[in-house]
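Chain by chain, the residues run as shown.
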Protein chains: 2
Amino acid sequence: MAEFDPTTHPHRRLNPLTGERVLVSPHRTKRPWLGQTEPPQPSDLPQYDPKCYLCPGNTRAGGAKNDEYKQTMIFENDYAAVLPPPGPAAPAAPHPLLTTEPVQGGCDVLCFHPRHDLTLARLAVPDIERIIEEWSAIYNKRGNQEGIEYVQIFENKGAMMGCSNPHPHGQVWSLSDVPSLPATELANLKRYALQNAPSASAPKGPEGKACLLCEYAHFEVGVAESEGRVVVKNEHFVALVPWWAIWPFEIMLLPYARHIPSIADLTSEERSAFASILSQITKRYDNLFSCSFAYSMGIHQRPVPRKAADAADADAAHLHLHFDPPLLRNASVRKFLVGFELMAEPQRDLTPEQAASRLRACSEVHYLDTTEEAPKTAENPTSKDVDPTNS
Amino acid sequence: MAEFDPTTHPHRRLNPLTGERVLVSPHRTKRPWLGQTEPPQPSDLPQYDPKCYLCPGNTRAGGAKNDEYKQTMIFENDYAAVLPPPGPAAPAAPHPLLTTEPVQGGCDVLCFHPRHDLTLARLAVPDIERIIEEWSAIYNKRGNQEGIEYVQIFENKGAMMGCSNPHPHGQVWSLSDVPSLPATELANLKRYALQNAPSASAPKGPEGKACLLCEYAHFEVGVAESEGRVVVKNEHFVALVPWWAIWPFEIMLLPYARHIPSIADLTSEERSAFASILSQITKRYDNLFSCSFAYSMGIHQRPVPRKAADAADADAAHLHLHFDPPLLRNASVRKFLVGFELMAEPQRDLTPEQAASRLRACSEVHYLDTTEEAPKTAENPTSKDVDPTNS
Ligand SMILES: [Zn+2]
Ligand SMILES: [Zn+2]
């Protein structure tokens, strides 16, 4: 029988952070697209939109008026998913299978920039550094509030992700408990530290123990670029399409040179490197299909900042960002997580290695910033790197 | 402090089948809708579409020609996600965190009916019974093939679920391993049987042990209808919005009068009851927003039919169907599982109890089958049952 070929033979890959698998069907990338297509994204946004509830000076749905902000703006969500503590105690369960856990917290909205039309991909690196400083500040503020045990920073971008306002912004939900997915990831990071000896060359987690993500990132940056999953890296951070990626062009962004539990632990040099690579990957995303690339992004890290009374074991968390973008073949053909994927297991056709190769071939000059006169060929994908069956 | 009120206070509910939680934010149902809206579904489909690759006598993308079928038609998917066994052995992992498991199997497509325009909601009950017989036949056939350890029957319906062909059809993926979600559910059913004593009144699982779903369904059918989660039931099956539902109008459909591991174990009377309730819930779904209601549906059951050499513990599986429909407020406003939900935990505003009440208020006469002359009021939702903030 033929030898196993990961670009031909269907297989499953394990996500060690969640314990879940993804079904990879690489032979299927040639099938014709028979699914729904998406409408094109608007590409000529104004710098200021009088009807946008996030633009400076405008009035929000809840009635409050925005500052004439010049950099970033943060405010509490007028329709928060959780309410501030304290809340009433849990009711008695009518049956042991029907349990209720009350949850409290707060939801904040962070506007990245006053300009209505500038996403992360089009902001200058110092503007992105300012956003990271705001993330650190809100993580520290909310994470130190009485009763808050988890802070989730995330960005939901693009109409196909249900977000109809293109004004660049993210959200921060702070909760009295750790949600399902980050709780599972943290449990697996802790289990890995207990069950595995650290490798000689990778950075180590707390108390010299093995860190799953230190080990994983260290391995990935060592793979020959042409066959690996690394999209781009700098001295401190690496962006890669993880071995177990579900979304076609999913990226995990994480520090690989030392174990860093949270954004509050970044040095100023690391913060600059973080801002710089955020700019690089969002530009590559937009350039992949010459559109404003939709995604959900989330920061996973230590549930809340370190406090004196804390158990040290939450330091097993390793700061990382997930980018989950739905686009698959072009600006109007997306992946749907439905059918078999909702009922059984996520599935992908394009391999993570093929996706990384496509993203490596993208320019870091934003397509809207290139002029007809500028030489394009040097930075643009070459036919060698692009799989034509997926274009 | 006020007493806990599940229609006001944010809380989390545990899904005992998966071990995951859902965040319920019932106070938030009043927020204005600022998200993306969906285009209307076509409502005037022809009975036969010469361009449809599933209509009788037409040619499929792979080149094969469909029979002039009169009832159902089954064929192997021309672009299957998995390939038939045997396949090559697993390669060596380049790192313990990067494991590969080869997978084999087959993918079938089942056309429910020759008519291009008739979904489950518009088929006669005997036509639905015939579909159930086809499901049983393919479950037996595929599940008894060498190397097949799991059979997933599912239907993906509607353009907003990525399915552009409205011709009524479902799929069956048969695999050499049990996928992540059903594996987790089966493990939790087995654990429940080991750790819990059966209640006196509920049906029992294999060897007289407790079955999580027998216990749960038995509890739900005993709750007063006006405050419960049951949408509709008959002598053998109950359709309910589960306590832990993620999708706004999610339904779990399952037998509650005895423990039934798979569709192969149904008596003919139970099969008729199954067809009848499938008709009832799909009609209610279409009537909820007067549109062809999009959803993903999947059958969870014993991984494959019982064989002599099998361990009996797979009989801990309890046949159930999941319906995951995305529509939220009307025919064009859907829920997106993005942002916080992708990064942290699923979240809902409308409570499962409110959703069940809305579905109970729907007619079982399909809206396309009512005429202007017919009296509508008796069967239509009354203002009492409808939460106007969600309409
Ligand atoms: Zn993570
Ligand atoms: Zn299930």
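With an unreviewed UniProt entry as reference, chain A is termed Galactose-1-phosphate uridylyltransferase, source organism Rhodofomes roseus. In its Sequence similarities (unreviewed entry) section, the UniProt record describing chain A reads: "Belongs to the galactose-1-phosphate uridylyltransferase type 1 family." Chain A has a UniProt comment under Pathway (unreviewed entry) that states "Carbohydrate metabolism; galactose metabolism."

(A) Inspection of helix H6 (residues 352–360) of chain B at higher detail. All names here are of chain B. The buried fraction of H6 amounts to 8 of the 9 residues, a majority that puts the element mostly inside the structure. Among the residues of H6, those classed as buried are Pro352, Glu353, Ala355, Ala356, Ser357, Arg358, Leu359 and Arg360. Against the buried residues of H6 lie strand E1 (11–15), strand E8 (230–233), strand E10 (251–255), helix H4 (268–288) and strand E15 (347–348).

(B) Spatial organisation of the interface of chain A and chain B. In this assembly, 85 residues from chain A lie in contact with 85 residues from chain B. Where chain A abuts chain B, roughly 7300 Å² becomes buried across the two surfaces, and 68% of that area is made up of carbon and sulfur atoms. Contact with chain B buries area across many residues of chain A, yet Arg12(A), Leu97(A) and Met343(A) alone supply 11% of it, more than any other trio. When the shortest N-O distance is used, the salt bridge between Arg21(A) and Glu101(B) registers 2.6 Å. Where chain A packs against chain B, one counts 28 residue pairs in polar contact (both at pLDDT 80 or more).

(C) Up close: helix H2 (residues 180–195) of chain B. In this model, H2(B) (16 residues) spans 22 Å end to end at C-alpha, consistent with the 22 Å of a helix rising 1.5 Å per residue. When H2(B) is considered as a whole, its buried residues turn out to be Ser180(B), Pro182(B), Glu185(B), Leu186(B), Asn188(B), Leu189(B), Tyr192(B) and Ala193(B).

(D) Examining unusual backbone geometry more closely. All names here are of chain A. Residues Pro85 and Pro86 are joined by a peptide bond in cis, for which omega reads -5°. Note that Pro86 resides in the loop between strand E3 (73–76) and strand E4 (100–102). Within the chain, Ser290 stands out as a residue other than glycine whose phi angle is a positive 50°. Positionally, Ser290 belongs in the loop between helix H4 (268–288) and strand E11 (295–300). On the accessibility criterion, Ser290 (47% relative accessible area) is partly exposed.

(E) Examining the pattern of salt bridges more closely. This model, assessed by the stated rule, comprises 44 salt bridges over all chains. When the shortest N-O distance is used, the salt bridge between Asp265(A) and Arg306(A) registers 3.5 Å. With Asp265(A) in the loop between strand E10 (251–255) and H4 and Arg306(A) in the loop between E11 and strand E12 (320–324), this pair connects stretches of sequence that are 41 residues apart. One salt bridge connects Arg229(B) with Glu353(B), and the closest N-O pair in it is separated by 2.7 Å. Within this pair, whereas Arg229(B) is found in the loop between helix H3 (212–222) and E8, its partner Glu353(B) is found in helix H6, the two being separated by 124 residues in sequence. Each member of the pair, Arg229(B) as well as Glu353(B), carries the same accessibility label: buried.

(F) Quick look at the environment of Met297(A). Mapped onto the elements of the fold, Met297(A) is located in strand E11. Sequence spacing of Met297(A) and Lys157(A) is 140 residues, and the spatial spacing of their C-alpha atoms is 8.3 Å. Ignoring any residue separated from it by four or fewer positions in sequence, one finds Met297(A) in contact with Trp135(A), Ile153(A), Phe154(A), Glu155(A), Leu321(A), His322(A), Phe323(A) and Met343(B).

Criteria and cut-off values
- Residues numbered from 1 in each chain as written.
- Chains lettered and ligands numbered in written order.
- Predicted model: local features only at pLDDT ≥ 70, side-chain atom pairs only at ≥ 80, totals over all residues.
- Heavy atoms only, no water.
- UniProt positions renumbered as here; feature names shortened; annotations may be inferred.
- Buried < 20%, exposed > 50% of the residue type's maximum accessible area, 1.4 Å probe, protein only.
- Helix = DSSP H or I, 4+ residues; strand = E, 2+ residues; numbered from the N terminus.
- Contact = heavy atoms within 4.5 Å.
- Buried area = accessible area lost by both parts, 1.4 Å probe.
- Salt bridge = Lys/Arg side-chain N within 4 Å of Asp/Glu carboxyl O.
- Polar contact = N/O pair within 3.5 Å; in protein donor to acceptor, adjacent residues only side chain to side chain.
- Expected span 1.5 Å × (residues − 1).

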